[in-house]
Amino acid sequence: AAASASCSQLESPGAVDMARRVKVRTLPAQIKMSMDELKRKAPLTRPGEWYALPFPTTLAKLDSAEFGASWLTKAFHKAGSLPADDAVTSITRVHELELQGIDAQGGAGHKAIVEVTYSNAGNGLHTTLFVKMPWRMEVQPKYRMLISVAWGDLDASELSIYQFYEGLLPVRIPKLYFADICRETTNYVLITECIQYPPRSRAAEAFPLRSILPKCGKYQDDTLGAKAAEYYFALLRACARIGAADKLGRFDSVAGTYAWEKPRGPPDTTRRREMMAGVAGSQADILIDFVSNVARGVFPPSQVEPAFLERFKAQLVEMAPFFTAANAYVASDERYIGLTHINLQIDNGYFWQEEEGGRLECGLLDWGGATRLPYTSTFMGMLSGAEAEVLYAHEEGLMRCFADEYAACGGPQLDVDELLLRFRLSYAGMVLGALQYIEQDIYPECSRADFETISTRWDPKLMGRWNARCRTIAILCMLGFWEKHDLHGAVMGWAKKMGLRDGKFGYPPVAAPA
């Protein structure tokens, strides 16, 4: 995991394409609204904020008489991604990607592969495009509300990465053709080049250098076996390059100059510590019932053992009172904070090999929620699907890989032991956070009755239901890592060192060196 020899240049693969596009303004602020308001406004067709052009709000409308090829031509002209003397002449195919099933392609909205033709067939532009839109209210009202409103400005952050950062990022991302969002309705459309993955049935084959490898589905990392580690190393190198570029001021023109602020969040008080212990106990009880009585066939025998589950509960309850201080600690040093991708599962990257026998490189997809955050807290979005034995074997190597690449590309030199500590603190807190989804996300899609006939993680009744799959496999992987790793010792040792176990609250923020 040596640092890249050439990454000090931090080249931006998308610089030329971004330079050709029309410059647009920063988006106006997000409009908060109730579920009733969203139901009224989501069906409306309104102009977007960047190009003042009405855009299709469903995939069916994209290939309609109202929009179609003529609209794509107008949209691409406005964005500057299509020369003025060229046009989209036809949409020959709209293939909507699966929303459920073993090959489902994401849980954030509707997606399609769209084939087009141009009047100038030799223009060098992509004829296979990827289109993404938010959930239609009649399909997924809960997640439309969460993603477009309640969880923050996730959609706008993704569009803004493509719009403003494509030519600044030191990693490959799909070429942008058009993106816009309407604040009144929360509707948006994103159109990029389509990454041409080979069929997953060819995963065992050898591929030529610089060829995109078959895609691994979300929370299907087990299909890669030990090779999954190579993918995590590639993703962490990409994250390190982005973070280093941020430290060098690469993104200040669009994101503003980074200035560390004291971490915000609930205060670390006796009352909160007692509350966190209570939450941990009740959530652990839900987990124990889930593992022991409901999804027993999914979990290995060692995780179903009552002794393991009771030990897990006791440790979690003892650790949980210190998670508030741990979260603040992880955000307390600006060297460990920067622009980052928050959901970098393997399925949100595309991978290739540059040199014979060399390591993997990657480009990045699905930028919803991208912002400046503590790195280790966002590593959770990448490694929550890692098989326990793979993560346990490579945990230190992964952190060292990030630190080495970060420094080689111009970022601060991080202490690997400190980075490991912050990762472990983040991971332990993530485990507690994941348990809430048993009732929130798993049971609504995969009932207790459904689980009675599920005897493996790959049963289509589980793997074929997006949120049930993601939440269940995450818990499976986390419990496996908990089994192997002394996370309890890491958290409690840190709390003791900080004096928190002796009734001390908070901690002195760690200032970055001058």
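To be clear, the structure that these remarks concern was listed above.
Residues numbered from 1 in each chain as written. Predicted model: local features only at pLDDT ≥ 70, side-chain atom pairs only at ≥ 80, totals over all residues. Heavy atoms only, no water.

**So, the pattern of salt bridges**
Note the following rule: What counts as a salt bridge is simple: a side-chain nitrogen of Lys or Arg found within 4 Å of a carboxyl oxygen of Asp or Glu. Only DSSP runs of H or I with at least four residues qualify as helices, and only runs of E with at least two residues qualify as strands; both kinds are numbered from the N terminus onward. Relative accessibility thresholds used throughout: buried, under 20% of the residue-type maximum; exposed, over 50%; partly exposed, between the two (1.4 Å probe, protein chains only).
Applying the stated criterion across every chain, the model contains 32 salt bridges. Linking Glu158 and Lys132 is a salt bridge whose minimum nitrogen-to-oxygen distance equals 2.9 Å. Of this pair, Glu158 sits in helix 6 (residues 154-165) while Lys132 sits in strand 3 (residues 128-133); the two residues are 26 residues apart in sequence, bridging distant segments of the chain. Accessibility classification places Glu158 together with Lys132 in one group, the buried group. Two residues, Arg202 and Glu205, come together in a salt bridge whose shortest N-O distance is 2.9 Å. Each of Arg241, Arg359, Glu361 and Glu405 takes part in salt bridges that share partners, so that together they form one network.

**Comments concerning helix 12 (residues 323-330)**
Our working definition: Note on contacts: a residue pair is in contact if any heavy atoms of the two residues lie within 4.5 Å.
Among the eight residues in helix 12, seven count as buried, and that is most of the element. Buried residues along helix 12 sit against helix 9 (270-294), helix 11 (306-319), strand 9 (371-374), helix 13 (375-383), helix 15 (416-435) and helix 20 (487-497).

**Looking at the packing of aromatic side chains**
As a reminder, the rule being used: Two rings from Phe, Tyr or Trp (for Trp, the six-membered ring) form a pair when their centres sit within 6.5 Å of each other. Planes less than 30 degrees apart are called stacked, planes more than 60 degrees apart edge-to-face, and all others tilted. We call a charge positioned over a ring when the NZ of a Lys or the CZ of an Arg lies within 6 Å of the ring centre and within 35 degrees of the ring normal.
Within the structure shown, the criterion is met by 19 aromatic pairs. Ring geometry for Tyr231 and Phe351: centres 4.6 Å apart, planes at 65°, overall edge-to-face. Of this pair, Tyr231 sits in helix 7 (residues 228-247) while Phe351 sits in strand 7 (residues 349-353), and the two are 120 residues apart along the sequence. Phe351 matches Tyr231 in its accessibility class, with the two residues each being buried. Ring pairing ties together the aromatic residues Tyr51, Phe67, Trp71 and Phe178, which thus form one cluster. Here the guanidinium or amino end of Lys247 rests over the ring plane of Tyr258, the centre of that ring lying 4.5 Å away. A cation over a ring is seen here: Arg471 above Tyr437, with NZ or CZ 3.5 Å from the ring centre.

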